[in-house]
Amino acid sequence: GLDPEQEVRVVDPEQQARHYLQLLDREYGRRANAETLAEWAYAANITDQTLQRKLNISAEHAKFQKQQWLETIKYPWQTYRDPDIRRQFQKYSVLGTAALSEEKFDKLEKLVSEMESIYSTAKVCDYNDATQCDLSLEPELTERLAESRDPKELSHVWVEWRHASGEKVRSQFEHYVALSNEAAVLNNFTDASAYWLKDYEADDFQDQVKALWDQVKPLYQQLHAYVRRRLHDKYGDDVVNRRGPIPAHLLGNMWAQTWNNIFDFTIPFPGKQSIDVTEEMVKQGYTPLRMFKLSEEFFVSLNLSAMPELFWKNSILEKPAGRELICHASAWDFYDSKDFRIKMCTTVTMKQLFVVHHEMGHIQYYLQYKHQPTVYKGGANPGFHEAVGDVMALSVSTPKHLRKVGLLDSSSTDDPEATINYLYLQGLQKVAFLPFAYVVDLWRWAVFQGEITSDAYNCNWWKLRGQYQGIEPPVDRTEEDFDPGAKYHVIASVPYIRYFVSFIIQFQFHRALCIEAGEYDPKDETKPLHECDIYQSTKAGNLLSKMLQMGSSKPWPDAMEVVTGQRLMDASGLLEYFRPLHKWLEAENAKTGEYIGWDPTDKHCVQTRVELEKLKAQPGEAEMAE
Ligand SMILES: CC(=O)N[C@@H](CC(=O)O)C(=O)NC[C@H](CC1(C(=O)N[C@@H](Cc2ccc(O)cc2)C(=O)O)CCCC1)C(=O)O
Ligand SMILES: [Zn+2]
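Reading the values: rules and limits
Residues numbered from 1 in each chain as written. Chains lettered and ligands numbered in written order. Predicted model: local features only at pLDDT ≥ 70, side-chain atom pairs only at ≥ 80, totals over all residues. Heavy atoms only, no water. Donors = N, O, S within 2.8 Å, 3.2 Å for Na, K, Ca; no water. Helix = DSSP H or I, 4+ residues; strand = E, 2+ residues; numbered from the N terminus. Buried < 20%, exposed > 50% of the residue type's maximum accessible area, 1.4 Å probe, protein only. Near = heavy atom within 4 Å. Polar contact = N/O pair within 3.5 Å; in protein donor to acceptor, adjacent residues only side chain to side chain. Areas by Shrake-Rupley, 256 points an atom, 1.4 Å probe, with all protein chains shown as cover. Nonpolar A, V, L, I, M, F, W, Y, C, P; charged D, E, K, R; others polar. Contact = heavy atoms within 4.5 Å. Salt bridge = Lys/Arg side-chain N within 4 Å of Asp/Glu carboxyl O. Phe/Tyr/Trp six-rings, centres within 6.5 Å; stacked < 30°, edge-to-face > 60°. Pairing = 2+ DSSP bridges. Axes fitted to C-alpha atoms, helices over the stretch in contact; angles between N-to-C directions. Parallel < 35°, antiparallel > 145°, perpendicular 65-115°, else oblique. Left-handed = near helix turned anticlockwise from the far one by under 90°. Disulfide = S-S within 2.5 Å. Expected span 1.5 Å × (residues − 1).

Peer 1: What should I look at first to understand the coordination of the zinc ion (ligand 2) in this one?
Peer 2: A metal bound by six donors in octahedral fashion has ideal angles of 90 or 180 degrees, whereas one bound by four tetrahedral donors has an ideal angle of 109.5 degrees. Protein coordination at the zinc ion (ligand 2) comes from H358 (NE2), H362 (NE2) and E386 (OE), with a distance range of 1.9 to 2.0 Å. Counting the intervening residues between successive donors of the zinc ion (ligand 2) yields the motif H-x3-H-x23-E. Taken as a pair, H362 in helix α14 (residues 350–368) and E386 in helix α15 (residues 382–396) lie far apart in primary sequence, 24 residues in all. Classification of H362 as buried rests on a relative accessible area of 9%.

Here you go:
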């Protein structure tokens, strides 16, 4: 054996590499904390100073990352035996946009910040009072789109928002695309879409998504046909063509992405006890803080983590007066395992109660993996991060749970018609959303890959919106418009397929947790999946926690397997949940002879407004309009 006096240092390369990673992790965590604090300061208070400070810090961080990267790639990490060491090096070996030159990096950061600022400060004039021109997206325009039943007002708000947002950022967006692709190529990816898709660790991921869409499309088409008929009943032939696409401005949402706001006048069985508890929340004096406390209590009931004191101290839960800020809700990890925040301009509605759960789901994931090294502080894949809060909301939104928390009176019972009403409301949010979530990145992948060029950005956007969602714009469009730029994630460079993934896998998780909680049994008709509420099930919480604690330390199929026993995404959970609604819609649409699907739109999308005027001046066109 070794002479005890002599301290011989056997240099095991992997041991040395592990030590290097620990040093790197400490430095990365410290810098990520500083960068996130600067990002928060800007998002919470948009000024030239906070913007400049954010840009300075991220430029400095990029410089450090580049130097560090040159050091990191010297390690022969592909040869290491330990899969965990290899995985950490693999993540550090992707430099990202810091691979750009300093001035190009800075230009890209500026472009995205500019687009975010234009979007977040855009104002629109009131339809009924042209002197009132300070309407913001949140809350004013969102409320107009949700509550107005006047197609002319809806069309005005829809068109003017796009005029004030998307149209203003088309040139920045074109430049952003070029720089994003340049950065991707410097990282050895073909273009930015491949760089985005790396997070799913599957070279057939886009095929997986297409297969999932094919599985759920029949259900979507049934819902689409029923909603179109109800809109036709309300607005008449001049506004809604019963065999055509649905005009996008009638669906209660600025992007026609979720349709829950038209529930009240399209409800299958009126007169039943209303499951939209917004009124009851207002009546009971709910405040944003109380909404967050209710959500925290749900997580704690599952033996998951409570919010740390710092969360309540640092979060912004209501729109502050007297300053411009990014109101788009968000959850933040400050990478110090202590500071976690939400910034949200919360209003007191049922939909917002679910958004509260959605954001709290992000915070819960941060808390569960806070012991992981910085490179593993992320979702198993981005879709997992988006699913956590929504899984909780699937339980919270059940009439059974709403009765437990006193938002629905306990006298009401669940009869088959009430069940259809409930599943219909859920479908307006979950099923309606799927083709939208798919189209946002189908369009962006095609733009990054060069299949859609800037001279045809807008008309290709509407081609995809027509093909997958079966919707059309309220008025003709041209390439002087830039409607994708009217959606936050597009101008903020936030990938969107994560939400499509989330809306599929959240039902897989829900089913698995409901089985674990003893709340659902595939063979027991008296316990259908849509009635399951996992509230207070520590077994379900412990199972979920096991997966959440992994962060992104393993490929996502391993994380999926921990909760569901499966290694694949599949839509069977969603289809199982909505089966009663699917059957009812098929019968109802058959009864009213609905045309399932839609004919091509008669709305135009051409190069310029001048061309559009000429086109409409043509005699044939005029007759058709009559
Ligand atoms: C620092 C940072 O950016 N943090 C990330 C979280 C992280 O990555 O750690 C983050 O907070 N992102 C913000 C984003 C906000 C919302 C959103 O944008 N939702 C989509 C899609 C959708 C729609 C309906 C629905 O029920 C659920 C989702 C939309 O509104 O189009 C707003 C409403 C809900 C969620 C979010 O929380 O995902
Ligand atoms: Zn989210």
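More follows now that the structure is in view.
Peer 1: Help me out: how do you make sense of the site of ligand 1 in this one?
Peer 2: The environment of ligand 1 is formed by 20 residues, the closest being H328, Y366, K487, Y496 and Y499. The contact in question runs from an oxygen atom of ligand 1 to an N or O atom on the side chain of H328, over 2.6 Å. Here an oxygen atom of ligand 1 and a backbone polar atom of A331 are 2.7 Å apart. Out of a free accessible area of 740 Å², ligand 1 has 79% covered by protein chains. Broken down by secondary-structure element, the contributors of at least two residues to the shell around ligand 1 are β2 (330–333), α14, α15 and α21 (497–516). Top element by residues in the shell around ligand 1 is α14. It accounts for six residues. Broken down by class, the residue content of the shell around ligand 1 amounts to nine nonpolar, six polar and five charged.

Peer 1: Whenever I open this one, the side chain of R341 confuses me. Can you help?
Peer 2: With respect to the helices and strands, R341 occurs in strand β3 (residues 340–343). Its relative accessible area of 10% is what places R341 among the buried residues. Within the structure, the side chain of R341 is placed 2.7 Å from the side chain of D339, a separation counted as a polar contact. Among residues more than four places away in sequence, those in contact with R341 are L37, W40, F311, N314, S315, S330, A331, W332, F334 and I363.

Peer 1: How should I be thinking about the pattern of salt bridges in this particular structure?
Peer 2: When the charged atoms of two side chains lie near each other, side chains of opposite charge can form a pair. Counting across every chain of the model gives 41 salt bridges. Its salt-bridge partner being R230, residue D233 comes within 3.9 Å of it at the nearest N-O pair. Here D233 pairs with R230, and both are found in helix α9 (residues 205–235), just three residues apart, close to one helical turn. Salt-bridge contacts for D599 lead to R243; the nearest nitrogen and oxygen are separated by 3.2 Å. You can see D599 sitting in the loop between α24 (572–591) and β6 (605–606) and its partner R243 sitting in the loop between α9 and β1 (246–247), a full 356 residues away along the chain. Through salt bridges with shared partners, one network takes in R229, R230, D233, R242, E588, K591 and E594.

Peer 1: Looking at this structure, I do not really get the packing of aromatic side chains. What am I missing?
Peer 2: Any two aromatic rings considered together are summarised by their centre-to-centre distance and by the angle between their planes. Counted by the stated rule, this structure contains 50 aromatic pairs. With a centroid separation of 6.3 Å and 20 degrees between ring planes, the pair formed by W332 and F334 is classed as stacked. Since its relative accessible area comes to 13%, W332 is described here as buried. A relative accessible area of 0% means that F334 is categorised as buried.

Peer 1: Can you walk me through the pairing of β2 in this structure?
Peer 2: Every other side chain in a regular strand lies on the same face of the sheet, so the side chains alternate between the two faces. Alternating positions in β2 separate into two faces, S330 and W332 on one and A331 and D333 on the other, with burial throughout. In this sheet, β3 lies alongside β2 in antiparallel orientation, the contact comprising four bridges. Directly across from D333, in β3, lies its bridge partner F340. Counting the residues between successive antiparallel strands, the hairpin from β2 to β3 contains six residues, one of them, Y335, with a positive phi of roughly 60 degrees.

Peer 1: What is the right way to look at the environment of N589 in this model?
Peer 2: In this fold, N589 is placed in helix α24. Taking the C-alpha atoms as reference points, N589 and T346, separated by 243 residues in sequence, lie 37 Å from one another. With near-sequence residues (within four places) excluded, N589 lies in contact with Q222, A225, Y226, E594 and I596.

Peer 1: Honestly, unusual backbone geometry in this entry has me stumped. Any pointers?
Peer 2: Phi is mostly negative for residues that are not glycine, and the peptide bonds are mostly trans. Look at the link from E138 to P139: it is a cis peptide, with omega at 0 degrees. Positionally, P139 belongs in helix α5 (residues 137–147). In this structure, E201 takes a positive phi of about 45 degrees despite not being glycine. Classification of E201 as partly exposed rests on a relative accessible area of 43%. Located in the positive-phi region is N303, a residue other than glycine, with phi close to 70 degrees. By the element assignment, N303 lies in the loop between α12 (288–301) and α13 (309–314). Classification of N303 by relative accessible area gives partly exposed; the value is 46%.

Peer 1: How should I be thinking about the packing of helix α18 (residues 433–448) against α21 in this particular structure?
Peer 2: Across the interface, α18 lies against α21 with an axial gap of 8 Å and an inter-helix angle of 150 degrees. Here α21 runs roughly antiparallel to α18, going by the angle between their axes. In this structure, α18 crosses over α21, and the sense of that crossing is left-handed. Residues F433, L434, A437, Y438, D441 and W445 of α18 touch α21, and the partners they reach there are I497, Y499, F500, F503 and I504. The residue makeup of the contact of α18 with α21, split by class, is 10 nonpolar, no polar and one charged.

Peer 1: Even after reading the chapter, I still don't get the state of the cysteines, so can you show me in this structure?
Peer 2: Disulfide: a covalent bond formed between the sulfur atoms of two cysteine residues. All chains considered together, the criterion is met by four disulfides. The partner cysteine of C327 in its disulfide is C345, sulfur to sulfur 1.9 Å. Handedness here is read from the sign of the S-S torsion; for C327 and C345, about -95 degrees, the answer is left-handed. A residue pair is termed long-range when its members are at least 10 positions apart, and C327 in the loop between α13 and β2 and C345 in the loop between β3 and α14 qualify at 18 residues. Per residue, the accessibility class of C327 equals that of C345, and both read buried. Covalent S-S linkage joins C514 and C532, the inter-sulfur distance amounting to 1.9 Å. A torsion of -90 degrees about the S-S bond marks the disulfide between C514 and C532 as left-handed. With a gap of 18 residues between them, C514 in helix α21 and C532 in the loop between α21 and α22 (538–548) connect regions that are remote in the sequence. Exposure class is identical for C514 and C532. Each is buried. Going through the chain in sequence order and numbering each bonded cysteine, the pairs you get are 1-2, 3-4, 5-8, 6-7.

Peer 1: I keep staring at helix α1 (residues 13–43) and nothing clicks. Help me out?
Peer 2: An α-helical segment advances 3.6 residues per turn. Residues three or four places apart therefore align on the same side. With 31 residues, α1 should cover 45 Å at 1.5 Å per step; its first-to-last C-alpha distance of 43 Å lies within 8% of that length. At the N-terminal boundary of α1, the capping side chain belongs to D12, with an oxygen 2.9 Å from the backbone nitrogen of E14.

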